[in-house]
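Residue-level structure breakdown
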Amino acid sequence: MSVQYEVLKALVKASGLKKRWNMSTEELLENRRKANAKNRIPELQDPDFKIDRITICGCPVLTMKHKSGADKANLFIIGGGMISAPRPASIKKALRFAKETGLDLYVPYYPLCTDWPLTKAYEMIHATYLEMLQHYTPGNISVLGTSSGGNLALGMVSYINESAPDTPMPGYIMAISPGTCVETEEEWQRMLELDRKDVAIPAEYMKTAVGIMKHGDESVPDYMIWLQKGNFSNCPRVTFIYGSDETLYACAPSFETAMKKHGVDYEMIVGEGMFHCYPVFPVCKEAKEGWAMMVRKIKENTAT
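Quick caveat, the model's predicted, so the values are computed rather than measured. (Residues numbered from 1 in each chain as written. Predicted model: local features only at pLDDT ≥ 70, side-chain atom pairs only at ≥ 80, totals over all residues. Heavy atoms only, no water.)

1. Structural notes on the pairing of strand β2 (residues 59-66)
This is how the line gets drawn: To sort residues, take the accessible area from a 1.4 Å probe on protein chains only and compare it with the maximum for the residue type: under 20% means buried, over 50% means exposed, and anything in between is partly exposed. Only DSSP runs of H or I covering at least 4 residues are called helices, and only runs of E covering at least 2 are called strands; the numbering of each starts at the N terminus. By this definition, two strands are paired if DSSP reports at least two bridges between them.
Of all eight residues making up β2, six are buried, and the element is well covered by its neighbours. Two strands pair when backbone bridges link them, and strand β1 (residues 49-56) and β2 are joined in this way by eight bridges, in the antiparallel orientation. By the bridge assignment for β2, I51 is matched with M64. Linking two consecutive strands that pair antiparallel, namely β1 and β2, is a turn of two residues; a positive phi of about 55 degrees is found at C57 within it. With four bridges joining them, β2 and strand β4 (residues 104-108) adopt antiparallel strand pairing.

What follows is the structure, given as structure tokens:
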């Protein structure tokens, strides 16, 4: 590991980020509501892009389209534990991603579980994808999700299979540290082992998250919470990216089982010694390499 990485890891640990996820459910939700109320959608400008804001299901979606024209697009789903809205810094990284991939981008501000059950987020993400299908062919649309956004990116497949079977699948999915709750005791024991190494996401939150994502609605489908239980029939190629030192990596074997069960073409990439969602925090050598890999694989796996 580089010195930069070790310093970054120490700073994250010292910041107390992990402890902030260990509040009671009500404290956590209230904390996030206050933070989200202060959050603002940045007004970005770039000479090479037409950047607009559209509304889908009552929620804003940022569109970043190349003025030179592009026939390929990415649905860029930013995580936040299903309770935090995308931050301005994440939106700026999304624009960088659009520049480096040559893809148009749709960035949804989906309904959060501070106020809604998870079904609302899925409905809005699907509606955003349908909007994209008005402008791009399915094979020219990729989906990238980070953390809880990875849940929504992968879960789109089950949502289509279970609720919208006439919707064509996208061409490619990349799930970076996809957020899912533990289903089995085996997963939980693996997560507890990884909890000793993780500096960001405590294992306990993945139990608290069950109630948060249901938000009082017991009809929320299991696959939205325990993503590994989903129906991945007709799923396009999937790339998983994890850090080996994050709690969510505990569910990687379960995803592999699910992919094999449904005959999905997938790859599992694990950054040795790396943290949660490391490719989208390119501030040290290893994470910069992760970012470059992420961009390259999106370009390679988007139809020509």
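2. Here's the deal with the packing of aromatic side chains
The following threshold applies: Aromatic rings from Phe, Tyr and Trp, taking only the six-membered ring of Trp, are treated as a pair when their centres fall within 6.5 Å; an angle between ring planes under 30 degrees marks them as stacked, one over 60 as edge-to-face, and anything in between as tilted. A positively charged side chain is recorded as over a ring if its NZ (Lys) or CZ (Arg) lies within 6 Å of the ring centre. The angle to the ring normal must also be within 35 degrees.
Summed over all chains, the structure comprises nine aromatic pairs. Measuring from centroid to centroid gives 5.2 Å for F76 and F97, while their planes differ by 45 degrees, and the two rings are tilted. Residue F76 is found in strand β3 (residues 73-77), and its partner F97 is found in helix α4 (residues 88-101); the two are separated by 21 residues along the sequence. A single burial state applies to F76 and to F97, both of which are buried. Taking the centre distance of 6.0 Å and the plane angle of 90 degrees together, the rings of Y122 and Y223 count as edge-to-face. On the criterion of sequence distance, the pair formed by Y122 in helix α5 (residues 118-133) and Y223 in helix α9 (residues 222-225) is long-range, its members being 101 residues apart. Like Y122, the residue Y223 is buried in the burial classification. Over the ring of W291 we find R96, and its NZ or CZ is 4.4 Å from the ring centre. For the cation-ring pair, K207 lies above W188, with the distance from its terminal atom to the ring centre recorded as 4.0 Å.

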